[in-house]
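Letter by letter, the chains look like this.
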Amino acid sequence: MSSSTHSQSLIPQPGLLAEPGRSAHYLEMNLHPDADTAEICTALDRARQSRPEVYIAVAFGADAWQRLQPAWHPADLQSFGELRGNNGYTMPATQRDVFFWIHGEDQGEVMNAVLQVHEAMRDVAATLLDLNGFKNREARDLTGFVDGTANPKGDKRLDAAVIPEGETGAGGSYVFSQKWRHHLQAFNQLSVHEQEQVIGRTKQDNVELEGDAMPPTSHVSRTDVKIDGVGQKIYRRSTPYGGAEEHGLYFLAFACNLRRISVQLERMLGNSGDGYSDHLMKYSTALTGAYWFMPSQSDLNALLIRR
Ligand code: HEM
């Protein structure tokens, strides 16, 4: 697919393509059952008011989208359901209604935006996940490995992450979020060579392992997928999070269809029929999981300004 399939009128919310800053914050909320649609839309509109140098992107779970915009539903949009792996691990489902992805360079400005969002939403929604993320040196995950290297660049980000023209929800994205808790004590007991076998890239220089050196159980082997010759690329914007006791990666990815993400998850879990699973799952545990629809800027405006 070429980038020409994305017309100028189908512009994603600006936060999607903005270069990652040093700070991020994630809010997952459930709408109060008795809040009315107009009240919710007013709150969302106040929540997203632009602030200098901070991006406030908003996305919706399937039920919430149905509630707020019953006129149309993106074809793939569904709630995330628990996935059980042949590797003995489970990816839990914690689907919620509204997701705010707030990010920028300055942690203080990001926090001011978080307070704005929370204040605007407090009468219509309960906040169930409230998590601060940060960019590490060289965009390294807390395992010490650089994260995001194989992400598509330039216009290829649009091809991977944005629903193409002609499909319902064009200009928007399907989103997957998953909070992982790392077990760094166990991971750090491995030799660097063993760690590299788990990830599929070298640690210091971040070079992809090649040929026989690349185990089929490495994270890269499980997530670098082609179907009928087409690379199932997604656009990842994860960050590390946490403190001394609990820490890990808030995995965040955008895709033009949900299959790209579910295929990777099933391959990680050992459910793809080739007998392999992702050895990274021995050292990190998925604590949450949700699918979202992030509408284009114009579809979000249409939703929030229709009152
Ligand atoms: C504990 C959680 C995770 C950690 C620490 C992690 C870390 C990494 C690292 C270090 C890389 C190699 C560098 C890069 O290309 O970014 C990578 C690659 C990748 N990861 Fe993850 N990841 C995690 C979860 C996931 C999940 C849940 C998915 C899929 C839904 C995923 C999809 C990918 C993809 C598509 C690549 C690039 C593969 C390629 O084409 O080379 N990751 N990840």
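Residues numbered from 1 in each chain as written. Predicted model: local features only at pLDDT ≥ 70, side-chain atom pairs only at ≥ 80, totals over all residues. Heavy atoms only, no water.

1. With respect to the overall build of the protein chain
Part 1: Summing up its helical and strand segments, the protein chain has 9 helices and 14 strands in all.
Part 2: For a compact globule of 307 residues, the expected C-alpha radius of gyration is about 19 Å, and the protein chain comes in at 19 Å, within 12% of that figure.
Part 3: The principal-axis extents of the C-alpha atoms in the protein chain amount to approximately 60 × 45 × 35 Å.
Part 4: The buried share among the 307 residues of the protein chain stands at 53%.
Part 5: Of all intrachain contacts in the protein chain linking residues separated by at least 6 positions in sequence, the fraction that spans at least 24 positions is 79%. (Helix = DSSP H or I, 4+ residues; strand = E, 2+ residues; numbered from the N terminus. Rg over C-alpha atoms; globule rule 2.2 N^0.38 Å. Buried < 20%, exposed > 50% of the residue type's maximum accessible area, 1.4 Å probe, protein only. Contact = heavy atoms within 4.5 Å.)

2. Quick word on the UniProt feature "domain: Dyp-type peroxidase C-terminal" (unreviewed entry) in the protein chain
Part 1: Mapped onto the present numbering, the UniProt feature "domain: Dyp-type peroxidase C-terminal" (unreviewed entry) falls on residues 138-297.
Part 2: Secondary structure across residues 138-297 comprises 22% helix and 23% strand; the distance between its end C-alpha atoms is 30 Å. (UniProt positions renumbered as here; feature names shortened; annotations may be inferred.)

3. Side note on the site of the ligand
Part 1: Around the ligand, a shell composed of 25 residues is seen, among which Gly 148, Thr 149, Ala 150, His 219 and Arg 236 lie nearest.
Part 2: With respect to the ligand, the side chain of Asp 147 contributes an N or O atom lying 3.4 Å from an oxygen atom.
Part 3: In this structure, Gly 148 approaches the ligand through a main-chain N or O atom, which is 2.5 Å from an oxygen atom.
Part 4: Mapped by element, the contributors of at least two residues to the shell around the ligand are β7 (173-182), α7 (219-223), β12 (247-255) and α8 (259-268). (Near = heavy atom within 4 Å. Polar contact = N/O pair within 3.5 Å; in protein donor to acceptor, adjacent residues only side chain to side chain.)

4. Digging into the pattern of salt bridges
Part 1: Throughout the structure, instances matching the rule amount to 12 salt bridges.
Part 2: A salt bridge links Arg 48 to Asp 45; its shortest N-O distance comes to 2.9 Å.
Part 3: Judged by relative accessible area, Arg 48 falls into the buried class, the value being 16%.
Part 4: Accessibility expressed as a relative area gives 16% for Asp 45, which makes it buried.
Part 5: Of the charged contacts in the structure, one is a salt bridge between Arg 122 and Glu 119, with a shortest N-O distance of 3.3 Å.
Part 6: Through salt bridges that share partners, Arg 137, Glu 138 and Arg 140 make up one connected network. (Salt bridge = Lys/Arg side-chain N within 4 Å of Asp/Glu carboxyl O.)

5. Points about the side chain of Arg 96
Part 1: When you line up the elements, Arg 96 lands in the loop between β4 (90-91) and β5 (98-104).
Part 2: Note on Arg 96: relative accessible area 14%, which makes it buried.
Part 3: Of note is the side chain of Arg 96, whose polar atom sits 2.9 Å from the side chain of Glu 28.
Part 4: For Arg 96, the residues in contact, after removing those within four places along its chain, are Glu 28, Met 29, Asn 30, Gly 61, Leu 128, Leu 129 and Trp 292.

6. Brief notes about the environment of Gly 273
Part 1: Here Gly 273 is to be found in the loop between α8 and β13 (284-286).
Part 2: Exposure remark for Gly 273: the relative accessible area of 76% places this residue in the exposed category.

7. Remarks on the coordination of the iron atom of the ligand
Metal coordination angles in their ideal form are 109.5 degrees for the four-donor tetrahedron and 90 or 180 degrees for the six-donor octahedron.
Part 1: Its sole protein donor being His 219 (NE2), the iron atom of the ligand sits 2.0 Å from that atom.
Part 2: Here His 219 is to be found in helix α7. (Donors = N, O, S within 2.8 Å, 3.2 Å for Na, K, Ca; no water.)

8. A short note on helix α6 (residues 192-199)
Part 1: Turning to α6, its buried residues are Gln 195, Glu 196, Val 198 and Ile 199. Axial view of α6: buried residues confined to an arc of 155°, hence all on one face.
Part 2: Considering only its buried residues, α6 is in contact with α5 (184-189) and α7.
Part 3: Backbone geometry just after α6 places Gly 200 at a positive phi near 100°. (Arc of directions from axis to C-beta.)

9. Overview of the packing of aromatic side chains
Part 1: Counting across every chain of the model gives 15 aromatic pairs.
Part 2: Centroid distance Trp 65 to Phe 293: 5.0 Å. Interplanar angle 80°. Geometry classified as edge-to-face. Of this pair, Trp 65 sits in helix α2 (residues 62-68) while Phe 293 is found in strand β14 (residues 290-294), placing the two residues 228 residues apart along the sequence.
Part 3: According to the relative accessible area criterion, Phe 293 is buried, its value standing at 0%.
Part 4: An aromatic cluster of three or more residues is present, and its members are Phe 60, Trp 65, Trp 72, Tyr 174 and Phe 293. (Phe/Tyr/Trp six-rings, centres within 6.5 Å; stacked < 30°, edge-to-face > 60°.)

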